[in-house]
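A closer look at the structure
Here are the chains, one letter per residue:
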Amino acid sequence: MFSIFTSLFATTTQGAPANFWLPKQASTVAQSVDHTFFVITWICYFFLFVITAALIIFMIKYRRKGNDVIVKGPTHNTPLEIAWTILPLLLVVVIFVVGMRGYLDLQQAPEGSYDVQVTGQKWSWTFEHPKYGATQVAELTVPVNTPVRLLMTSNDVLHSVWIPDFRVKMDVIPGRYTSLWFEAIAVGEYNLNCAEYCGKDHSKMFATVRVIPKEDFEKTMIKLASEYEDMSVGQLPAYAINRLYNRCQSCHTLDGSESTGPSFKGLWDRVKSGDVNFISGEKLSNLYGESTTYEVPENYIRSSLLDPQSHIVKGYLGAMPSFQGQLKDKQITAIIEMFKHLDELTDAEGNITVNPDGTPRQ
Ligand code: HEC
Ligand SMILES: [Cu+2]
């Protein structure tokens, strides 16, 4: 209890730990944000005290005593009126200058920042590292003491990236890019939350920012970009749904609902049984068999990815882009394995239930 009050007086040093009022300071801008916060808070405390004291003193001093005759009070006091106009004006100017400085710092990412592409989608965050070709879902790894710039957009509704320990927050808007930058000052794990109510599972839309030493960063990213290479076939479905499905999710759902393309739910059963009709009038089952177009059903999925225009599913447009050159052979295998095991990777509503390493997602 005592520390709640002492922390009110704590000067905000760079990198201050969490206290009752504010979370840990873990970025370069946190100190100045807290500074602004405390300047305004202390102005409020000052006036709370002065006004309450005046109120109590006046209540006692000017209370009605006995049956005095009520006389007319003063109606006007020029010096007083000038004072209560000029003083608050000066105060709001101070607040504006302190606030504007911090705001400008937050707007402009420093030259040479490390870029990350962020996509918000009900209800998960995807982070792409263009420099390494690595993709992360629900977790973002960044180097310490390096300015990082997030370029953000949404696939559906309004979201908002908020990292309390870094004191940064920015809306994520469909059909538009917004940006945000931070420079973490300490290695560690920090929470990233969605701060814009975005529907049923808004409260589950969070991610972990993992700040790691600079010298480990390159190694970690390269490993992340090629992590599937060391995986056994049994490990591939969890990898695919977490690391590859985000490239498909704008057109393919996991819950059976229609989108630009057919849902992935039940896809493997449809494909295996050959129960797919094409706009050419052909049926997939007629293309199966020895020395025909697709010797095994897996080849149909492979060609759907590498040459999507060759057979277009009835009821859809040929809107699928080719992933030729973008997916390695083992990643294609991973996607096929993902289709086969989709039931074990998602719940009835199409939410992903496993982490990339196969452990259950909370
Ligand atoms: C821009 C939209 C779009 C994206 C992104 C996209 N697809 Fe498609 N996909 C489609 C459309 C439209 C069809 C149906 C027409 C066709 O067969 O080409 C389709 C069809 C398919 C089919 C055949 C489905 C069936 O029922 O026979 C598979 C398999 C497939 N996509 C896999 C993927 C995978 C895996 C990804 C991500 C790596 C992906 N798609 C990304 C639009 C997309
Ligand atoms: Cu959200």
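Predicted, not measured: the structure shown is a model, and the values here were computed from it.

Digging into unusual backbone geometry
You will see that Asn145, though not glycine, has its phi angle at about 55°, which is positive. Tracing the sequence through the fold places Asn145 in the loop between strand 4 (139–143) and strand 5 (147–154). The class of Asn145 is partly exposed, set by 13 C-beta atoms lying within 10 Å. The backbone of Arg167 sits at a positive phi, close to 60°, despite the residue not being glycine.

Some points on the domain arrangement of the protein
Per the domain assignment, the segments of the protein are domain 1 (2–61 + 77–107), domain 2 (114–226) and domain 3 (233–345). Of note, the centres of domain 1 and domain 3, computed from C-alpha atoms alone, are 59 Å apart.

Some words on the packing of helix 2 (residues 30–61) against helix 3 (residues 78–107)
Across the interface, helix 2 lies against helix 3 with an axial gap of 9 Å and an inter-helix angle of 165°. Taken together, helix 2 and helix 3 sit at an angle that is classed as roughly antiparallel. For the pair helix 2 and helix 3, the sense of crossing is left-handed. Between helix 2 and helix 3, the contacting residues are Ser32, Val33, Thr36, Val39, Ile40 and Ile43 on the first element and Leu91, Ile95, Val98, Gly99, Gly102 and Asp105 on the second. Of the residues assigned to the contact of helix 2 with helix 3, the class counts are seven nonpolar, four polar and one charged.

A few points about the nonpolar core
Core analysis: the biggest nonpolar cluster contains 27 residues, and Val118, Val161 and Leu192 have the highest contact counts within it. For this core, the two domains that each supply at least three residues are domain 1 (2–61 + 77–107) and domain 2 (114–226). Leave out the neighbours within four places in its chain, and Leu192 touches Trp125, Leu140, Val161, Trp162, Ile163, Phe206, Ala207, Thr208 and Val209. Formed by 22 residues, the second largest nonpolar core is a distinct cluster that contains Leu236, Tyr239, Leu267 and Trp268.

Parameters at a glance
- Residues numbered from 1 in each chain as written.
- Chains lettered and ligands numbered in written order.
- Predicted model: local features only at pLDDT ≥ 70, side-chain atom pairs only at ≥ 80, totals over all residues.
- Helix = DSSP H or I, 4+ residues; strand = E, 2+ residues; numbered from the N terminus.
- Buried ≥ 20, exposed ≤ 12 C-beta atoms within 10 Å, placed from the backbone.
- Domains from an automatic or database assignment.
- Axes fitted to C-alpha atoms, helices over the stretch in contact; angles between N-to-C directions.
- Parallel < 35°, antiparallel > 145°, perpendicular 65-115°, else oblique.
- Left-handed = near helix turned anticlockwise from the far one by under 90°.
- Contact = placed C-beta atoms within 7 Å.
- Nonpolar A, V, L, I, M, F, W, Y, C, P; charged D, E, K, R; others polar.
- Core = buried A, V, L, I, M, F, W, Y, C linked by C-beta atoms within 7 Å.

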